[in-house]
Amino acid sequence: MSETNDDFGYLRANWTAVRERVDAACRDAGRAPAEVSILPVSKTFGTDAIRAAVALGLHRFGENKVQEIREKAGPLADCGIEWVVIGHLQTNKAKDVARLASEVQSLDRLDLAEALDRRLQAEGRALEVLIQVKTSPEESKHGLPPDELPAFLAALRNLDTLRVRGLMTMAVNAEDPAPVRACFRLLRELRDRMTAQGHDLPRLSMGMSGDFPLAIAEGATEVRIGTAIFGRRA
Ligand SMILES: *Cc1c(COP(=O)(O)O)cnc(C)c1O
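Residues numbered from 1 in each chain as written. Predicted model: local features only at pLDDT ≥ 70, side-chain atom pairs only at ≥ 80, totals over all residues. Heavy atoms only, no water.

Visitor: I keep staring at helix H3 (residues 47-55) and nothing clicks. Help me out?
Guide: The periodicity of an α-helix, 3.6 residues per turn, causes residues three or four positions apart to be oriented the same way. Every buried residue of H3 is accounted for by Ala-49, Ile-50, Ala-52 and Ala-53. For H3, the angular spread of buried residues about the axis comes to 155°, placing them on one side. Two residues or fewer past H3, Gly-57 is found with a positive phi of approximately 100°. (Buried < 20%, exposed > 50% of the residue type's maximum accessible area, 1.4 Å probe, protein only. Helix = DSSP H or I, 4+ residues; strand = E, 2+ residues; numbered from the N terminus. Arc of directions from axis to C-beta.)

Structure below.
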């Protein structure tokens, strides 16, 4: 394609390597590679890099700031991109999310859900949502406390524009794999418990560049990969 895309030749190599590592983690876990999809996380990277990723056939991208989606969506309007919000969301961003995003994976409280529902009704749209659960003790990690999940799921049933499809989490930062894996296991167990109570939660978004094999071993259906695809963030 164009010279601009040639500058991003490393993207193809990174993408291929990540897909191979995900497939290997699936086989190690006795799972079929088709069960686990990869959400490329393009936060902090510019529209040239994203355009090059689109040329590889990618069309869903995770961003953690709504402001960045606002800045990128216009210049990339011809690419047919689905923007996925994965970062902590302030309620006053609900309008932009309702307009620009196809999915939110960081839904973690009812006032945000209600604000999104109001804005989505005004736009005549619906959103796929995952509920972000706090499985790590770290202050810096957002998410719904696990014991609040049953009541939250019940309340979301009244909001027609939000299609709840599963759960998302960020594991604790740790060298030792055991506590990291415990976060992922907790999310899967919560999902299984809620499923037994009649909720339909097929998706588990968990695992990033540094810990995705553990997440796949614990049942991730989707891993969110930034650094291993796009490179180190500035
Ligand atoms: C940045 C980010 C990722 C990707 O992190 P990498 O370590 O770069 O793969 C995944 N999930 C969330 C919520 C993020 O903010």
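Visitor: I keep staring at the packing of aromatic side chains and nothing clicks. Help me out?
Guide: Here the structure, examined in full by the defined rule, presents 4 aromatic pairs. The interplanar angle of 25° and the centroid separation of 5.4 Å between the aromatic rings of Phe-45 and Phe-230 together place this pair among those described as stacked. Of this pair, Phe-45 sits in the loop between strand E1 (37-40) and H3 while Phe-230 sits in helix H10 (residues 227-230); the two residues are 185 residues apart in sequence, bridging distant segments of the chain. Each member of the pair, Phe-45 together with Phe-230, is buried. Both rings, one in Phe-61 and one in Phe-230, keep their centres 6.5 Å apart while their planes meet at 55°; by these two values the pair is tilted. Taken as a pair, Phe-61 in strand E2 (residues 60-63) and Phe-230 in helix H10 lie far apart in primary sequence, 169 residues in all. (Phe/Tyr/Trp six-rings, centres within 6.5 Å; stacked < 30°, edge-to-face > 60°.)

Visitor: Even after reading the chapter, I still don't get the site of the ligand, so can you show me in this structure?
Guide: The immediate surroundings of the ligand are formed by Val-41, Lys-43, Ile-86, Met-170, Met-208, Ser-209, Arg-224, Ile-225, Gly-226, Thr-227 and Arg-233. Note that an oxygen atom of the ligand is positioned 2.8 Å from one of the backbone N or O atoms of Gly-226. Arg-233 has a polar side-chain atom sitting 2.8 Å from an oxygen atom of the ligand. Out of a free accessible area of 390 Å², the ligand has 92% covered by protein chains. Of the residues belonging to the shell around the ligand, the class tally is 5 nonpolar, 3 polar and 3 charged. (Near = heavy atom within 4 Å. Polar contact = N/O pair within 3.5 Å; in protein donor to acceptor, adjacent residues only side chain to side chain. Areas by Shrake-Rupley, 256 points an atom, 1.4 Å probe, with all protein chains shown as cover. Nonpolar A, V, L, I, M, F, W, Y, C, P; charged D, E, K, R; others polar.)

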